Amino acid sequence: MVSFHFGLPPQALLARVKAAGCRVLSSATTVEEARWLEAHGADAIIAQGNEAGGHRGTFLAHDLNASVTSQLGTLALVPQIVDAVGVPVVAAGGIADGRGIAAAFALGAAGVQLGTAYLLCPEAATPPLHREALRQARGNTTVVTNVFTGRPARVLANRFVRELGPLADAAPDFPLPLGGLTPLRVKAEQQGSDDFTPLWSGAGAPLAKEMPAQALTLELVKEAAERFTPLNGRIATS
């Protein structure tokens, strides 16, 4: 499986990827983007809700900052994309436990994509300052901002976001801000501060668990299965 963001690569490259026996996925934040991806060769589509951490996969909007204000949440986006395309849909955004997984499948998703849920696992390359920020995360501590890279992305809010964002019309084009921010980030991190660090995180950060990835995966599967059992019972008796 090869996953792309911000649309798809040129058709010539996409053909090479598929010729190697790979299936292609890409993120959609709207029904229009999902239809475009299917028409241009995506084998599956990641329905990325507004709760997702990191960059929005938006690629058809002319005004990225404005698109953030109308981006749908996962609960609303997944069924609309499922109804609009004929390829499998993978739900992403704010899913961090078995309840979220079960909900995604109930909405018609063929799979789920979890990112933030695994950031506290020992196998993850999450830096110490980022880990500590995740441990302190609460339900209202993430925000979508463009000040780190020039494109909207969900992060744990820190000084840089609060003072210059969250969305700044004057932000340089992607990915120029990262280079200019590096000296400040390095100096601050040397002093134990995350003031200028992009702390990528989804809205489900408070649900993340600090445990080995394999154990977490098995627990997520178990939790999801337990959620489906009573649902099946209600459906059978109704």
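Our subject is the structure that appears above.
No experiment lies behind these values; they were computed from the predicted model shown.

Draft legend 1. Spatial organisation of the sheet that holds strand E8 (residues 153-156). The strand order across the open sheet formed by three strands is E4-E8-E7, and the pairing between neighbours is antiparallel. Edge positions in the open sheet fall to strand E4 (54-55) and strand E7 (142-145), since each of these has one partner strand only. As paired strands, E4 and E8 are joined by two bridges and run antiparallel to one another. In the sheet register, Gly54 faces E8, and the bridge partner there is Arg154.

Draft legend 2. A look at the packing of aromatic side chains. What the rule picks out here adds up to six aromatic pairs. A ring pair is formed by Phe6 and Phe174, whose centres lie 5.7 Å apart and whose planes are at 80°; its orientation type is edge-to-face. With Phe6 in the loop between strand E1 (2-4) and helix H1 (11-19) and Phe174 in the loop between helix H7 (159-164) and helix H8 (176-190), this residue pair connects regions lying 168 residues apart in the sequence. Taken together, a centroid distance of 6.3 Å and an interplanar angle of 70° make the contact between Phe148 and Trp200 edge-to-face. Of this pair, Phe148 sits in the loop between E7 and E8 while Trp200 sits in the loop between H8 and helix H9 (213-237), placing them 52 residues apart in sequence. Looking at Phe148, the relative accessible area reads 2%, which means it is buried. For Trp200, a relative accessible area of 27% puts it in the partly exposed group. Grouping aromatic residues by their ring pairs yields a cluster made of Phe148, Phe160, Phe196 and Trp200. The positively charged end of Arg151 is found above the aromatic ring belonging to Phe6, 3.8 Å away from the centroid. Stacked on the ring of Phe174, the Lys or Arg Arg151 has its end atom at 5.9 Å from the ring centre.

Draft legend 3. Region of the structure containing the environment of Thr74. If you trace the backbone, Thr74 turns up in helix H4 (residues 74-84). Judged by relative accessible area, Thr74 falls into the buried class, the value being 8%. Look past the residues within four positions of Thr74 in its chain and what remains in contact with it is Gly49, Asn50, Glu51, Pro79, Ala91, Ala92, Gly93 and Leu107. Among the polar contacts made by the side chain of Thr74, one reaches the main-chain carbonyl oxygen of Ala92 at a distance of 3.2 Å.

Draft legend 4. Focus on H8. With 15 residues, H8 should reach 21 Å at 1.5 Å per residue; the first-to-last C-alpha distance of 23 Å fits that figure. Its axis deflected by about 45° at Thr182, H8 carries its strongest bend there, up to four residues before the proline Pro183. Along H8, the positions that sit buried rather than exposed are Pro177, Leu181 and Ala188. Elements in contact with the buried residues of H8: H7. Of the residues trailing H8, Gly192 is marked for its positive phi of about 80°.

Draft legend 5. Seen up close, the nonpolar core. One finds Leu37, Ile45, Ile81 and Val85 to be the most contacted residues of the largest nonpolar core, which totals 33 residues. Elements with a minimum of two residues in this core: H1, strand E2 (24-28), helix H2 (31-39), strand E3 (44-48), H4, strand E5 (89-92), helix H5 (98-106) and H9. Looking at this core element by element, the count peaks at four residues for H4. Leave out the neighbours within four places in its chain, and Ile81 touches Ala28, Thr30, Val31, Ala34, Ile45, Ala47 and Val89. Counting residues in each nonpolar core, the second largest holds 10 residues, with Val147, Phe160, Val161 and Phe196 among its members.

What counts as what
Residues numbered from 1 in each chain as written. Predicted model: local features only at pLDDT ≥ 70, side-chain atom pairs only at ≥ 80, totals over all residues. Heavy atoms only, no water. Pairing = 2+ DSSP bridges. Helix = DSSP H or I, 4+ residues; strand = E, 2+ residues; numbered from the N terminus. Phe/Tyr/Trp six-rings, centres within 6.5 Å; stacked < 30°, edge-to-face > 60°. Buried < 20%, exposed > 50% of the residue type's maximum accessible area, 1.4 Å probe, protein only. Lys NZ or Arg CZ within 6 Å of the ring centre and 35° of its normal. Contact = heavy atoms within 4.5 Å. Polar contact = N/O pair within 3.5 Å; in protein donor to acceptor, adjacent residues only side chain to side chain. Expected span 1.5 Å × (residues − 1). Bend = angle between axes of the 7 residues up to and from the residue. Core = buried A, V, L, I, M, F, W, Y, C linked by side-chain atoms within 4.5 Å.

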